[in-house]
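For reference, the chains in residue letters:
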Amino acid sequence: MTTSHRQVRCPVCADEFEWPDEPMVWLYNQAAGRYEAFDVSTVSSVKQADLRRGGYRKCPNPSGDMVEHFIPASYGDYGEPLVIGLVGAPSSGKTHLLTSMVRQMHINGLASHGITVSALDFLRHRRFREQFITPLEQGGALPGTGTGMTEAADILLLRAPTGDRPLVFFDVAGEDLVNPDARNRSTRFLLGVDAVIFVHASEDPLETGQSSTASENRSFELAIERLRDRRIPAAIVVTKSDRLRFVPPAERWLHGGDEHTVNAARIRAESRDVYAYLHHAGAGASLRPFEAFPRCTLHFTSASGGDAVPVETDGPTRWHFPRGFRPSRVLEPLVSILAMTGAISGHEAEKVGMP
Ligand SMILES: Nc1nc2c(ncn2[C@@H]2O[C@H](COP(=O)(O)OP(=O)(O)OP(=O)(O)O)[C@@H](O)[C@H]2O)c(=O)[nH]1
Ligand SMILES: [Mg+2]
Ligand SMILES: [Zn+2]
């Protein structure tokens, strides 16, 4: 049932409003391509619950600064939502990382922590699966994210021993994240995030002059600036670490595969190795979140397992991963964030990311 008098922050417009105890549910009419209001007070309670699960609410958007948008009708019925944003330069690997993360969660990658996930926003999740998870599972490389994206990429329901919470991910274009224009709506999600995953791409040894070793990481800087007063946890991820097979600590961590426990000492050891790697690679600018946020962990991940190559076609160039899609350690940053935000509890979890 709906919990009344509860303040909820909309994950789309970042406005806060009282979650209404109303009988209206909006259902998406596929054929007409629009949401239609439906009064559920006339149907049985079993049907009401079912319609709420698959339905939406129209956000009142008190600031009146966004186009009409809808959030899952059951969004306010669970514990505090956990909103996670990805931040990183264009092409740093945010979308591949998020896709492989969501996929690993769905194939029970968090089961050893007593956590399962399912779709909360069914339409959004179906779109996410069709556009990202399925193509990646088939070995295709995903296109860059278009600018102007303001909506959450996916909204899931996280069921953990600590409670059930909506889990929201934002993944906007790197190009928008390096744009300092305050009117840029794509970065507004930062106002509502509970944790940030900062994504740094490890260098492609075949390319030179890559931005990853630049003295500045604009996307990190701008996000840190806007989150300055928020004491939220963060994770720095060196993704595309499959490229670091000649860098012994990275190779060793990736080779170790996925973890099944929260072990604060191990997470600290990996964080130390990633820190040293970024420092020696001259990418000190990507370490800024470590100084800016009170709790921060660092990770090596690979979303794909290898570099994409172009596919021979007559049409426009497509890219694919010739050895298939083999993610490694993509859930580690998420597990650390779950520990640092209290979604995973216990003595070890409390120590994660502590200085
Ligand atoms: N080797 C390797 N390449 C990767 C990996 N993840 C992503 N890539 C490549 O990096 C490129 C950019 O990845 P995206 O996930 O689209 O990067 P993004 O940060 O979302 O980029 P924007 O949406 O433009 O901001 C893609 O062409 C992928 O082929 C990885 O784990 N390993
Ligand atoms: Mg992207
Ligand atoms: Zn809204």
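Quick caveat, the model's predicted, so the values are computed rather than measured.

## A look at the domain arrangement of the protein chain
Thinking step 1. Domain boundaries assigned for the protein chain yield domain 1 (6–77) and domain 2 (82–351).
Thinking step 2. With 18 residues of domain 1 at the contact, the number on the domain 2 side is 17 residues.
Thinking step 3. For the pair domain 1 and domain 2, the two sides together bury roughly 1400 Å², of which 57% comes from carbon and sulfur.
Thinking step 4. The largest share of the area that domain 1 buries against domain 2 comes from Pro11, Val12 and Tyr75, three residues that together contribute 31% of it.
Thinking step 5. At the boundary of domain 1 and domain 2, one finds one salt bridge.

## As for the packing of aromatic side chains
Thinking step 1. Per the counting criterion, the structure on display carries eleven aromatic pairs.
Thinking step 2. Aromatic side chains Tyr275 and Phe290 sit 5.4 Å apart centroid to centroid with 70 degrees between the ring planes, which places their arrangement in the edge-to-face category. With Tyr275 in helix α7 (residues 264–280) and Phe290 in helix α8 (residues 288–292), this residue pair connects regions lying 15 residues apart in the sequence.
Thinking step 3. For Tyr275, a relative accessible area of 29% corresponds to the partly exposed category.
Thinking step 4. Through a chain of ring-to-ring contacts, the aromatic side chains of Trp26, Tyr28, Tyr35, Tyr56 and Phe70 assemble into a single cluster.
Thinking step 5. Above the plane of the ring of Trp253 lies Arg252, whose end atom (NZ or CZ) is 5.6 Å from the centre.

## Structural notes on the coordination of the magnesium ion (ligand 2)
Thinking step 1. Protein coordination of the magnesium ion (ligand 2) is provided by Thr95 (OG1) and Thr145 (OG1), with donor distances spanning 2.1 Å. With a gap of 50 residues between them, Thr95 in helix α2 (residues 94–106) and Thr145 in the loop between α3 (122–137) and β9 (154–160) connect regions that are remote in the sequence.
Thinking step 2. Thr145 gets classed as partly exposed once you look at its relative accessible area, which sits at 23%.

## As for the pattern of salt bridges
Two side chains bearing opposite charge may form a pair once their charged atoms approach each other closely.
Thinking step 1. If you walk through the whole model with that rule in mind, you get 22 salt bridges.
Thinking step 2. Across the salt bridge formed by Glu225 and Arg228, the nearest N and O atoms sit 2.9 Å from each other.
Thinking step 3. Owing to a relative accessible area of 47%, Glu225 belongs among the partly exposed residues under this scheme.
Thinking step 4. In this structure Arg228 comes out as exposed when scored by relative accessible area, which is 53%.
Thinking step 5. Note that Arg266 and Glu259 form a salt bridge whose closest N and O atoms lie 3.3 Å from each other. When sorted by exposure, Arg266 lands in the same class as Glu259, which is buried.
Thinking step 6. Members of the salt-bridge network, linked through shared partners, are Glu259, Arg266, Glu270, Arg329 and Glu332.

## Thoughts on the packing of helix α6 (residues 248–255) against α7
Two numbers describe a pair of packed helices, the interaxial angle and the distance between the axes.
Thinking step 1. Put simply, α6 and α7 touch, their axes get as near as 10 Å, and they point 145 degrees apart. Remark: the crossing between α6 and α7 carries left-handed chirality. Where α6 approaches α7, its residues Pro249, Arg252 and Trp253 are matched on the opposing element by Arg266, Ala269, Glu270 and Asp273.
Thinking step 2. Class assignment for the residues of the contact of α6 with α7 results in three nonpolar, no polar and four charged.

Reading the values: rules and limits
Residues numbered from 1 in each chain as written. Chains lettered and ligands numbered in written order. Predicted model: local features only at pLDDT ≥ 70, side-chain atom pairs only at ≥ 80, totals over all residues. Heavy atoms only, no water. Domains from an automatic or database assignment. Contact = heavy atoms within 4.5 Å. Buried area = accessible area lost by both parts, 1.4 Å probe. Salt bridge = Lys/Arg side-chain N within 4 Å of Asp/Glu carboxyl O. Phe/Tyr/Trp six-rings, centres within 6.5 Å; stacked < 30°, edge-to-face > 60°. Helix = DSSP H or I, 4+ residues; strand = E, 2+ residues; numbered from the N terminus. Buried < 20%, exposed > 50% of the residue type's maximum accessible area, 1.4 Å probe, protein only. Lys NZ or Arg CZ within 6 Å of the ring centre and 35° of its normal. Donors = N, O, S within 2.8 Å, 3.2 Å for Na, K, Ca; no water. Axes fitted to C-alpha atoms, helices over the stretch in contact; angles between N-to-C directions. Left-handed = near helix turned anticlockwise from the far one by under 90°. Nonpolar A, V, L, I, M, F, W, Y, C, P; charged D, E, K, R; others polar.

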